[in-house]
Amino acid sequence: MVNGTLEEYALAPEGIDQARLAGELLCSELKENNIPIEDVRIYYSPFSRTTNTAKTVASVLNVPFEIPQCKAMEELRERFFGPELELQSHDKYPEIWALDEKDPFLGPEGGESVSDVSSRLAAALEIMEAECQGCAVVIVSHGDPLQILQTVVHAAKQHSGSGGESLSARIEQVRVSSTLSQHRKFALLTGELRKIA
């Protein structure tokens, strides 16, 4: 996973353009919803391409790229697909997603399962909830973690609990095979800006 933090895996010029466009769309949404920039927090994966994305978005919003408004979170890193698949072609994704659909509690050999990823994302959300009361939160991560996050947040919102439960507690309750195996329904486009809550 150290590979993801290497500068050689940073965004290409096209990726920078996509991040800038996402930042402009976000800026418009914030204005439409009367959310002041000082109430925006950006959490991002420490991988090079997501750090570049977060910096670009922060620049568009005119947000200083420093704590407390912008923060790297290890929990938002890319899904680890195991030593056999590390640095392999994206052509391997369909195999992994077929495995995910069959059993989201079983990851590729030596890698993370959908369930593993949802657990660390629930931990990230708990931290964000504690740190960001009343703020708009921007999460900059990777395709698989983001679609898994969208899946569990969607299911948690549908879950009728006691009402006093935290989001992470509701996510824990919906971390079942029938939910987790469907994460591809929330697949994202590269550079897509999407509201999750």
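If you're wondering where the values come from, they're calculated on a predicted model, not measured in any experiment.

A word on the overall build of the protein chain
Inference 1: When its secondary structure is counted, the protein chain shows seven helices and three strands.
Inference 2: Seen in sequence order, the protein chain has helices and strands lined up from the N terminus as α-β-α-β-α-α-β-α-α-α.
Inference 3: Compactness check: the protein chain gives a C-alpha radius of gyration of 17 Å against a globular reference of 16 Å for 197 residues, within 12% of the reference.
Inference 4: Projected onto its principal axes, the C-alpha positions of the protein chain cover 45 × 45 × 25 Å.
Inference 5: Expressed as a percentage of its 197 residues, the buried residues of the protein chain come to 42%.

A look at unusual backbone geometry
Inference 1: In this structure, Asn34 takes a positive phi of about 55 degrees despite not being glycine.
Inference 2: With respect to the element layout, Asn34 can be found in the loop between α1 (13–32) and β1 (40–44).
Inference 3: A relative accessible area of 68% means that Asn34 is categorised as exposed.
Inference 4: Of note, the phi angle at Asn62 is positive, near 65 degrees, even though the residue is not glycine.

Observations regarding the packing of helix α5 (residues 143–158) against helix α6 (residues 167–174)
Inference 1: Here α5 crosses α6 at 100 degrees, and the two axes come no closer than 8 Å. By the criterion of interaxial angle, the relationship of α5 to α6 is roughly perpendicular. Two secondary-structure elements touch here, α5 through Val152, Val153, Ala155 and Ala156 and α6 through Leu167, Arg170, Ile171 and Val174.
Inference 2: Across the contact of α5 with α6, the residue classes tally to seven nonpolar, no polar and one charged.

Considering the nonpolar core
Inference 1: Formed by 22 residues in total, the largest nonpolar core has its most connected members in Leu76, Leu125, Met128 and Ile171.
Inference 2: Leaving out residues up to four positions away in the same chain, Met128 has contacts with Tyr43, Met73, Leu76, Val137 and Ile139.
Inference 3: Judged by nonpolar contacts, the second largest core, of 15 residues, contains Cys27, Leu30, Tyr44 and Val138.

Procedures and definitions
- Per-chain numbering applies: the sequence of each chain, read as written, is numbered from 1 onward.
- Local features in this predicted model are restricted to residues whose pLDDT is 70 or higher, and side-chain atom pairs enter the listing and the counts only when it is 80 or higher, whereas totals over whole chains, interfaces and linings include all residues.
- Hydrogens are left out, water is left out, and the side-chain values use all remaining heavy atoms of the structure.
- Think of it this way: any DSSP run of H or I at least four residues long counts as a helix, any run of E at least two long counts as a strand, and we number them from the N terminus.
- We compute the radius of gyration from the C-alpha atoms alone; for a globule the expected value is 2.2 Å times N to the 0.38, where N is the number of residues.
- Working definition: with a 1.4 Å probe on protein chains only, accessible area under 20% of the residue-type maximum means buried, over 50% means exposed, and in between means partly exposed.
- A fitted line through C-alpha atoms represents every axis, and for helices the fit uses only the stretch in contact; the resulting angles, taken between N-to-C directions, go from 0 to 180 degrees.
- Angle categories: roughly parallel below 35 degrees, roughly antiparallel above 145, roughly perpendicular from 65 to 115, and oblique for all the rest.
- Contacts are assigned to residue pairs that have any heavy atoms within 4.5 Å of one another.
- Under the grouping applied here, Gly and all other residues not named as nonpolar or charged are polar, the nonpolar ones being Ala, Val, Leu, Ile, Met, Phe, Trp, Tyr, Cys and Pro and the charged ones Asp, Glu, Lys and Arg.
- Throughout this description, the term nonpolar core refers to a set of buried Ala, Val, Leu, Ile, Met, Phe, Trp, Tyr and Cys residues connected via side-chain atoms within 4.5 Å.

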